[in-house]
Amino acid sequence: MKSKVILSLRVLSVLIIILLATSLSFADRENVAESLEKQLFRAKQELKDLDYKVIEELLQEVKEGSNDTEEKIKEIKRLLIESLKVETRAIWLDSVSMDLLTSKEKIVELMDLLSSVKVNLILADIFGNGHSVFPSQYAKQREAFYYFAKGDMLPIMIEEAHNRGIEFHGLASIFGVDSKGIQPFMDMDKLDWFDRTVDGGFLTGITEFEAFMSPVVPEVREFFLGIIKEMAQYDLDGIHLDYIRYGKNLGYHPLALDLYRKEGGNPDNLANPKELEHFLAFKASFITSFVEEVKKEVQAINPRLLLSAAVASGLNYAKRELGQDWKDWADKKLLHFICHMCYTTTSDLYYGVIDSDTSPISSLSISFPGIGLYAIDEFEMERQLEVGQNKPVAGQALFSTIHLNPQKAEALKNGVYRDIAIPTFRDPQYAASRIIADLGRRLEILGLEIGIDPKLNTELIESLTALAEKIFLPLRPFDNRDLQVGSEAEYEALKAILQDFKTLKKPLSKLPLPARKRALNDLAKAERLVKVLFHYSKIE
């Protein structure tokens, strides 16, 4: 009898605790609902592109109370994160991840993961450190593929990416090698290919066993051009250049110094600022001319192959320390887009680096800031992605697949990369038109509700609709022409469109905050894409 009483008391205690917890959730429900309502209205004021009908239905269910209230609250919070409909979502498929792809099953598994997080561009490391993923007449095949893979796996990777609607660009690490890459060139008896420090050393001194091939040596250039031409024979969507630079502290190859002397320079007088500037420009010219050669060769083999490059963060640093003048490449219309390695540990730092890296070429080339996943957790990743989305850049790139852990993948799937997005690099004209049209659509849905003057709202919707249609003028396809060949007709048409962008800024500036900030940022994103097209239309 006593044990039954004790048992009954325990059951009663549990029931009381459950009732107390339930009563607390009831008491908190109104506060939670009120907070979510405020967040929802703030999202409307910011002109976010959300499924407001679904969110409002879920919010009503939270107010009324249900057995799964907490799950509904989580779902509302998830849906309040905006997933842009037009943006480039690139990810670097690094060499470590690549070496695991030695069977179709493993390739399918990775491509399923990347498809689930809605990336639309893979920058795949298929050549680097003197080794290729594919069989090559120039380089040794990577051991993982030579010994374990059955046949050439690259076509399978490309096909599986394409089956999921993802572009697959082959990455080639050009001049830089680490300890794994030094030996193949030593085996080929190519010691004379290695660049030198001022005292004749081979290593950069930045990281252990990091070395670079000299871009001045003709045989080096022929070797890497041969690799690029082999890559261009595959059904790739583009070629992505990495390590397309000097190593820090390098650039003093004996041949380079001889050529510099023949041009009238004095490499023994580099303490003189004027002489140093001349020498730095001399060094950079070999990198730029190599990019020009790659552009020419790729264009000849397959005009639809897009050419891009990963570049160092900070233009001045890149030019002076690495001989990498990526602004000059943009001026000369050599690339379809550029990825900046803006790897930072905080969103505050990332905010500033985006501006300093992309601003010098904002009207010259499409460019995407890069986020270093290795240095941040999933929460900081989300913050940095949102920072980038609120800047006038048309996408971002993630480094890299090996650092895309389950937590980060889940955050992308449920948050900023929840919905499929149209990439901006293949058809920037269409992307710009969609950005403007979507802004007009959101004003039509939300404008009056958030207190925008009806007359102003109507005028803006009409102007944005007209601009979106006007952008869609007949231009040569961006992805199937020589970027260096201009067109007077396109130049004049795009010039008129840019004037329309300028005219629209004034009425958009009349919008209340924060709608004004968002509208002007969307306008600037689209305008940058059109400015790039305008740059490519110029006849030099």
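In this text the structure is predicted, and so the values were computed from the model without any measurement. (Residues numbered from 1 in each chain as written. Predicted model: local features only at pLDDT ≥ 70, side-chain atom pairs only at ≥ 80, totals over all residues. Heavy atoms only, no water.)

Enquirer: Just to check I follow, could you spell out a nonpolar patch on the surface for this structure?
Expert: Judged by side-chain polarity, Val96, Leu100 and Ile402 come together as a nonpolar surface patch covering roughly 270 Å² of accessible area. Note on placement: isoleucine 402 falls in the loop between strand S12 (395–399) and helix H16 (406–414). Residue isoleucine 402 is classed as partly exposed on the basis of its relative accessible area of 40%. (Patch = residues over 30% accessible without salt bridge, like charges linked within 9 Å, V, L, I, M, F, W, Y side chains within 5 Å. Areas by Shrake-Rupley, 256 points an atom, 1.4 Å probe, with all protein chains shown as cover. Salt bridge = Lys/Arg side-chain N within 4 Å of Asp/Glu carboxyl O. Helix = DSSP H or I, 4+ residues; strand = E, 2+ residues; numbered from the N terminus. Buried < 20%, exposed > 50% of the residue type's maximum accessible area, 1.4 Å probe, protein only.)

Enquirer: Help me understand helix H15 (residues 378–389), please; the structure alone is not making it clear to me.
Expert: Because the α-helix completes a turn every 3.6 residues, residues three or four places apart line up on one side. For H15, which comprises 12 residues, the first-to-last C-alpha distance of 16 Å matches the rise-based estimate of 16 Å (1.5 Å per residue) to within 8%. Most of H15 sits inside the fold, with 9 of its 12 residues counted as buried. Packing partners of the buried residues in H15 comprise helix H14 (347–358), strand S11 (366–372), S12, H16 and helix H20 (515–537). Among the residues of H15, the N-terminal cap falls to aspartate 377, whose side-chain oxygen and the backbone nitrogen of phenylalanine 379 are separated by 3.1 Å. (Expected span 1.5 Å × (residues − 1). Contact = heavy atoms within 4.5 Å. Polar contact = N/O pair within 3.5 Å; in protein donor to acceptor, adjacent residues only side chain to side chain.)

Enquirer: Got a minute to help me understand the packing of helix H17 (residues 428–446) against helix H18 (residues 454–471) in this structure?
Expert: Relative placement of two packed helices is described by the angle separating their axes and the distance separating the axes. Look at H17 against H18: their axes get within 8 Å of each other, and the N-to-C directions meet at 165°. The angle between H17 and H18 falls in the class roughly antiparallel. The crossing of H17 and H18 is left-handed. Along its contact with H17, which presents Gln429, Ala432, Ser433, Ile436, Ala437, Leu439, Gly440, Leu443 and Glu444, the element H18 presents Asn457, Leu460, Ile461, Leu464, Leu467, Ala468 and Ile471. (Axes fitted to C-alpha atoms, helices over the stretch in contact; angles between N-to-C directions. Parallel < 35°, antiparallel > 145°, perpendicular 65-115°, else oblique. Left-handed = near helix turned anticlockwise from the far one by under 90°.)

Enquirer: Teacher, can you tell me more about a negative patch on the surface here?
Expert: A surface patch of negative charge is lined by Asp189, Asp192, Glu219 and Glu222. By relative accessible area, aspartate 192 is classed as partly exposed at 45%. (Lys, Arg positive; Asp, Glu negative; His and termini not counted. Charge placed at Lys NZ, Arg CZ, Asp CG, Glu CD.)

Enquirer: Just checking my understanding: could you explain the packing of helix H5 (residues 104–116) against helix H7 (residues 154–163) for this structure?
Expert: It is at 10 Å that the axes of H5 and H7 come closest, and there the two elements cross at 35°. Crossing handedness for the pair H5 and H7: right-handed. Contact residues: H5 offers Lys104, Ile107, Val108 and Met111, while H7 offers Ile156, Met157, Glu160 and Ala161. Of the residues contributing to the contact of H5 with H7, the split by class is 6 nonpolar, no polar and 2 charged. (Nonpolar A, V, L, I, M, F, W, Y, C, P; charged D, E, K, R; others polar.)

Enquirer: What is the right way to look at the side chain of threonine 88 in this model?
Expert: Here threonine 88 shows up in strand S1 (residues 88–93). With near-sequence residues (within four places) excluded, threonine 88 lies in contact with Asn120, Leu121, Phe368, Ala394, Gly395, Gln396, Pro423, Thr424 and Phe425.

Enquirer: Help me out: how do you make sense of the packing of aromatic side chains in this one?
Expert: Within a pair of aromatic rings, the relevant descriptors are the distance that separates the centres and the angle that separates the planes. Throughout the structure, instances matching the rule amount to 28 aromatic pairs. Residues phenylalanine 134 and tyrosine 234 carry aromatic rings whose centres are separated by 5.6 Å and whose planes lie at 55° to one another, so their mutual orientation is tilted. Here tyrosine 234 lies in the loop between helix H9 (218–231) and strand S8 (238–242) and phenylalanine 134 lies in the loop between strand S3 (131–132) and strand S4 (140–141), a separation of 100 residues in the sequence. The same class applies to phenylalanine 134 as to tyrosine 234, namely buried. Considering the side-chain rings of phenylalanine 282 and phenylalanine 286, the 5.1 Å spacing of their centres and the 80° angle between planes classify their relative orientation as edge-to-face. (Phe/Tyr/Trp six-rings, centres within 6.5 Å; stacked < 30°, edge-to-face > 60°.)

Enquirer: Would you take a moment to explain the pairing of strand S10 (residues 337–340) for this structure?
Expert: If a strand is regular, its side chains alternate between the two faces of the sheet. Of the two faces of S10, both are covered, the one formed by Phe337 and Cys339 as well as the one formed by Ile338 and His340. With H14 bridging S10 and the parallel S11, this β-α-β connection has right-handed handedness. (Right-handed = clockwise from strand over helix to strand, strands pointing away.)

Enquirer: Hey, could you run me through the confidence of the model for the chain in this one?
Expert: Low-confidence regions, as indicated by low pLDDT, have predicted coordinates that should not be scrutinised in detail. A residue-level look at the chain finds 94% of positions with pLDDT of 70 or above and a mean pLDDT of 93. Low pLDDT, under 50, characterises residues 1–7; the stretch is placed with 0 contacts to residues that sit more than four places away or in other chains. In this model residues 11–24 is a low-confidence stretch, pLDDT under 50, and it forms 0 contacts with partners more than four residues away in sequence or in other chains. (pLDDT = per-residue confidence, 0-100.)

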